Amino acid sequence: MVSNKEIFSSIEARIKAATVIIYDQEDISNFGTGFFVAKDKILTCKHVTSSMKKVVVEDTNTPKKWIIKKPSIKYSKKHDLALISLVKPSTENSIILFDQGYEVFDPIVAWGFSLLLQEDPEGKGDEDSFNGKIEAILKQRTHIKFKEGDPVEGFSGSALVSLKTGFAIGIIPYKIEGASGGIALSEKVIFDSFPELITIQEEQKKKTSSEEQKQIKEYENSLSKYYQNTKILNDEHLTLKDIYIDPGVSIFRHSLYEIYNDELQNVDERSLVRDLFINKYNITLNQLLKQWVELQGVNDFFTETSSKNVLFVLAYPGQGKTSSCYRLLYELIDSHYNIIRPIFFIKFRDIIESDLIITDPIKAIYNHLKENVVSLLTEETFYNSILILDGLDELEIFRSPIRSYTEYADKIVSRLAAYNYEEKTIKVIVTSRYYIDLAEVGNRFPIVSINEFTVDQQKSWLNSYTEFAKLFPPKISPIDIDEINSDSLVYSSLKELISQPILLQIIAIVGVYKDDKINKSQIYKRLFTDIVNKVWDNQKRPPLLTGLTPHDLRSVLQKIAFKIYYSGYQYLNKPEFIAILNQGELTTLRLVQTDEDLFRAMMIAFYFKKRHKSDSDDDYKIEFLHKSLSEYLSAEYIWEEIKNKLGNSGVKGAIFSEILFKVFSKFMPLEVISHLKEIINDDKSEQKTYLIKNINNFRATLYEKEFRGPNEELNDIKKSANVFYGYGNLCASLKMDMKADSNFEVSIYLHILDQYLQPLDLSYWSFYDLNLQGFHAPKSIIKSATFTNCVLDRASFRQSDLSETKFINCKLNFVDFYACILYKNDFTSSEINNFAPRVNNFINVNFSECTITDANFHESTLKNVSFDRSKLFKVSFEYTALKNVSFFNATVEKYSFVKVNNFEEVYGLSKEFLLELSKEFDTSKYSIPIKKQIYDHVKGSVPSVKLKDF
């Protein structure tokens, strides 16, 4: 649990700087607390000073002392209050301001002195604090009762401060005997007793507000420069502003006022985004965001139930989330767009209060801004701001091996939804990869997705890049872009990649492949080969790297990337970076170079950037220019370690376990696994061949050791699950079954995976005769996998890509297939009950010889789907488009087709069945008259369907 000082350190620091100890110089056991309410005035309690013979006020922070004469103390006639006036104002102490914005259950904090002076060796008292909550507000807001906090002797005269606003709300005169908590006199009583404080405090608030606005203005000026100053590919001549293209945007179906079924009827894609997001509006991302911020126009097509305070922007890696944030900041701050409210920008990975970001994300963000950005930031200003939060998927806790980062994302989203935005005008924009529960988030917040680049946008980007790029001139032309986007098979794979901005950028550098099998990893591989070769050019290589081979430099890059990936953050601190430079390939240079020399050479040579952590020039973090670069090189490192150390004769089981633990004990994100599988698939080395032949020799050792490392604790089941997961993906990449002595062992580890690690990549895995009841794998990649004779009752594949996966003779009762990508799937001979995928597209799916009960294909498109020889009971195709769907020798009910959107080439229904069906659609209770479609589009009718009514 995060301590008070970690959470509330900025507030406590301000209280501490304003708090003083008051004691009797002739009897130091007689003491209390006071605090500055103006530069020359200190508020305390009457009973603290009234019995003192010689009043001393001491600031223990400075230390500075004031001898107070009794005429300088003004006492309240009705209440236990005293106001001390100083002869000369203090210039070193902060001032505590009062505010009446508080209510029951608000958290509070107080700072005072609890140790008798004679018990303190230094004679300054012991500073202490406590926090609690407001329990009641009594007597016309004259008194505040608080609980949990426990003021002790010496706290009399302490300020009671609201942690909600940062303002004082009262003063503590005493505690309740025999119970925790106490009573405070409210700010109302204080101002009634000393009316002169009202004017003094109002003037101070104005001054503080002015200083706050000055801080915000300086901060906003720095934000607007991100767009203009961000260098692309470390090219001094190329900035984001030079080449930025504002992408199009699509809107999540359930964020819209109406559902557009016509959008689904023409889908023949395997993309989750194309299935669930509607590209119906001619609007770019930044146009939409600016309109949404100011509630202009764009809200006309968001549902009334969608939050007006929070908007989610989703995109794939390298699609321009951060770049779009920079563009938005520039337009809102630096352009003529009239935004009067303050703007804040935070990258989730920079937030260090990992516990608080889950329990109270708004508070954690406010604390972060107050600690690191605007020290004078008030909650009033904060709740009237525009807040842009970038990279929910990059929050540092997301890389923890203990819990899944999708679970963290869901918790943060739920807390954002539960927050009380009433009377608050804050506008929050959150960017993320697709690691959130679309159904849950879409019911609470509007969601949009960034579109891929169109062909015209690709050309526009390339023209700008050609004009400004100097370090890496483009190796493609607009003609190449036209050819890539043609129907030519030699460009079919490249066509899928070039619409992503980061990959377009890389392709521009490395050139065009005429290869219909090219994948993303091959493009990244060539990029780094080109980088290393460019560095290796004797005319451009930093002299300090002379003596190394290109392989050495590539190896160092891999190690740096893996260290970043394994750390759980997106960067390395300078000492960690230098430590890697002191290892292996670079050790031959250590005799002639300093750490700084070698560091500068690496920074010049490769795609790194330096991010300062503090004002010190020597205190910084190192990160790749883009996260995807690090993810690819991490996968390269993992395969090189496995191949070079395990792909040779003489390897023993213990070494095999040790190496797998080294590279797999950290949970692998989807992007790293995707690269790893492509890299292994492309590898044609002898080491890979040897590994395929011998990997099963080590299987028994792995299960015996429970996938643990040599010195690992027996109970560290999360790391064991990570290693099992890595081993499974290694086997899948080598096209091998992940065998075990018993299916029970595999089932156990798979259930551990679904508990601790999400989302998963189980592509190409094979599952035989396993009990996977309740298996939980939402938002996962499970392409070309095979489930045979498996029990998957109550499993969840929600929002997963299940392309080309087979479920042969499986039990699939109450399985969650919501928003899955279903393409070329085979469900032959499976038992399917309570099947409600909703809003899915079933393309080339085989349901032959299945028993399907209580199924709802609502709002889906079925194209090239077979239900031949299947039994369908209580199955609904309501608002469903049927295209080339066959029911030969199937048992089906006529009510299944009530309110079908359309029939196009439906096969296998008997003439008798069709006649009954057309009568149903003639009745007025059905809103979609498709009688003509039945006669015109239903083909091959045969007397083979068995009629059955409810």
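Residues numbered from 1 in each chain as written. Predicted model: local features only at pLDDT ≥ 70, side-chain atom pairs only at ≥ 80, totals over all residues. Heavy atoms only, no water.

**Looking at the overall build of the protein chain**
If you tally the helices and strands in the protein chain, you get 31 helices and 40 strands. Going through the 950 residues of the protein chain one by one, you find that 57% of them count as buried. The long-range fraction of contacts in the protein chain, counting pairs at least 24 apart against all pairs at least 6 apart in sequence, stands at 58%. Element-wise, carbon and sulfur atoms account for 48% of the exposed surface of the protein chain, whose accessible area totals about 39,300 Å². (Helix = DSSP H or I, 4+ residues; strand = E, 2+ residues; numbered from the N terminus. Buried < 20%, exposed > 50% of the residue type's maximum accessible area, 1.4 Å probe, protein only. Contact = heavy atoms within 4.5 Å. Areas by Shrake-Rupley, 256 points an atom, 1.4 Å probe, with all protein chains shown as cover.)

**Quick word on empty space enclosed by the protein**
A complete count under the given rule lists three cavities of 30 Å³ or more for this structure. What the second largest cavity holds in volume is close to 50 Å³. Lining the second largest cavity, in full, are L285, L289, V313, G320, K321, S324, C325, L328, I388, I429, T431 and I450. Looking at the lining of the second largest cavity, the elements that each hand over two or more residues are α8 (285–293), α9 (321–333) and β21 (427–432). (1 Å grid on protein atoms, 1.4 Å probe; cavity = no way out; pocket = protein on both sides within 12 Å on 5 of 7 lines; lining within 4 Å. Points joined across faces, edges and corners; volume = space filled by probe spheres on them.)

**A few points about the nonpolar core**
Counting 215 residues, the largest nonpolar core has F312, F787, F797, F847, F867, F877 and F897 as its most contacted members. It is helix α23 (residues 627–646) that contributes the most residues to this core, nine residues altogether. (Core = buried A, V, L, I, M, F, W, Y, C linked by side-chain atoms within 4.5 Å.)

**Describing the sheet that holds β21**
The seven strands lie next to each other as β17-β16-β22-β18-β21-β20-β19, forming an open sheet whose pairing is mixed. Edge positions in the sheet fall to β17 (277–278) and β19 (343–347), since each of these pairs with one other strand and no more. Bridging between strand β16 (residues 249–252) and β17 involves two bridges; their strand directions are antiparallel. Looking across to β17, one finds that I251 is bridged to I278. Along the sheet, α9 contacts β19, β20 (386–390), β21 and β22 (447–450); its crossing angle with β19, the most-contacted strand, is approximately 165°. (Pairing = 2+ DSSP bridges. Axes fitted to C-alpha atoms, helices over the stretch in contact; angles between N-to-C directions.)

**Overview of the sheet that holds strand β27 (residues 786–788)**
What the three strands build is an open sheet, ordered β26-β27-β28; its pairing is parallel. Edge positions in the sheet fall to β26 (766–768) and β28 (806–808), since each has one partner strand and no second. For this sheet, the mean inter-axis angle between neighbouring strands, taken without regard to orientation, is 5°. For β27 and β28, the ladder comprises three bridges, and the chain directions are parallel. Pairing of F787 across the sheet is with F807, part of β28.

**Examining the UniProt feature "coiled-coil region" (unreviewed entry) in the protein chain**
The UniProt feature table records "coiled-coil region" (unreviewed entry) at residues 202–236. Here residues 202–236 is 80% helix and 11% strand, with 49 Å between the C-alpha atoms at its ends. (UniProt positions renumbered as here; feature names shortened; annotations may be inferred.)

**What about the packing of α23 against helix α25 (residues 670–682)?**
Close contact between α23 and α25 brings their axes to 8 Å; oriented N to C, the two are set at 50°. By the angle between their axes, α23 is oblique relative to α25. Along this stretch, α23 crosses α25, giving a crossing that reads as right-handed. Residue-level contacts link E631, Y632, A635, E636, I638 and W639 of α23 to E671, V672, H675, L676, I679 and I680 of α25. When the residues that make up the contact of α23 with α25 are grouped by side-chain class, the tally is eight nonpolar, one polar and three charged. (Parallel < 35°, antiparallel > 145°, perpendicular 65-115°, else oblique. Left-handed = near helix turned anticlockwise from the far one by under 90°. Nonpolar A, V, L, I, M, F, W, Y, C, P; charged D, E, K, R; others polar.)

**Quick word on the packing of aromatic side chains**
For the coordinates displayed, the defined rule picks out 51 aromatic pairs. On the basis of an interplanar angle of 70° and a centroid distance of 5.2 Å, the ring pair of F382 and Y383 is categorised as edge-to-face. Y383 gets classed as buried once you look at its relative accessible area, which sits at 13%. Relative to F698, the ring of F656 lies with its centre 4.4 Å away and its plane at 15°, an arrangement referred to as stacked. In this pair, F656 is assigned in helix α24 (residues 653–664) and F698 in the loop between α26 (686–694) and α27 (699–704), connecting sequence segments 42 residues apart. For the pair shown, F656 and F698 are each scored as buried. Against the face of W292 rests K427, its NZ or CZ located 3.9 Å from the ring centre. A cation sits over an aromatic face here: R794 above F814, 4.3 Å from the ring centre. (Phe/Tyr/Trp six-rings, centres within 6.5 Å; stacked < 30°, edge-to-face > 60°. Lys NZ or Arg CZ within 6 Å of the ring centre and 35° of its normal.)

**Notes on the packing of α23 against α26**
Each pair of packed helices can be described by the angle between their axes along with the distance between the axes. Following both chains from N to C, one finds α23 and α26 inclined at 75°, their axes separated by 9 Å at the closest point. Overall, the two elements α23 and α26 adopt an arrangement that is roughly perpendicular. Residues W639, I642, K643, N644 and L646 of α23 form the contact with α26, whose own contacting residues are Q687, K688, Y690 and L691. For the contact of α23 with α26, the per-class residue count stands at five nonpolar, two polar and two charged.

**Some details on unusual backbone geometry**
Despite not being glycine, K735 shows a phi value in the positive range, around 60°. Structurally, K735 is set in the loop between α28 (717–733) and α29 (743–756).

**Description of the environment of K145**
Structurally, K145 can be placed in strand β10 (residues 143–147). With a relative accessible area of 24%, K145 lands in the partly exposed category. Placed eleven residues apart in sequence, K145 and I134 show a C-alpha to C-alpha distance of 6.1 Å. Looking at K145, its side chain comes within polar contact range of the side chain of E135, at 2.5 Å. (Polar contact = N/O pair within 3.5 Å; in protein donor to acceptor, adjacent residues only side chain to side chain.)

**As for α8**
With seven of nine residues buried, α8 lies mostly within the body of the structure. Taken together, the buried positions of α8 are L285, N286, L288, L289, K290, W292 and V293. Buried residues belonging to α8 abut β16, β18 (310–314), α9, β20, β21 and β22.

**Let's talk about α9**
If you check α9, its first and last C-alpha atoms are 18 Å apart, about what 13 residues at 1.5 Å a residue would give, namely 18 Å. With eleven of 13 residues buried, α9 lies mostly within the body of the structure. Taken residue by residue, α9 has K321, S324, C325, Y326, R327, L328, L329, Y330, E331, L332 and I333 as its buried positions. (Expected span 1.5 Å × (residues − 1).)

**Digging into the pattern of salt bridges**
Throughout the structure, instances matching the rule amount to 19 salt bridges. For K74, the salt bridge goes to E196, with nearest N and O atoms at 3.2 Å. Of the two residues, K74 sits in strand β6 (residues 73–75) while E196 sits in helix α4 (residues 196–229), which places them 122 residues apart along the sequence. E196 gets classed as partly exposed once you look at its relative accessible area, which sits at 31%. One salt bridge in this structure joins D192 and K188, with 3.4 Å as the shortest N-O distance. Of this pair, D192 and K188 both sit in helix α3 (residues 187–193), four residues apart, which is roughly one turn of that helix. A network of salt bridges, in which partner residues are shared, links K290, R327 and E331. (Salt bridge = Lys/Arg side-chain N within 4 Å of Asp/Glu carboxyl O.)

**Things to note about the side chain of H368**
In this fold, H368 is placed in helix α11 (residues 361–372). On the basis of relative accessible area, H368 is assigned to the buried category, the value being 13%. With residues up to four places along the chain from it excluded, the contact list for H368 reads I346, D350, I351 and V373.

**Concerning the environment of N844**
Among the structural elements, N844 can be located in the loop between β32 (841–843) and β33 (851–856). On a C-alpha basis, the gap between N844 and V885 in space is 9.5 Å, while along the polypeptide they are 41 residues apart. Setting aside residues up to four positions removed in sequence, N844 forms contacts with Y823, K824, N825, K863 and N864.

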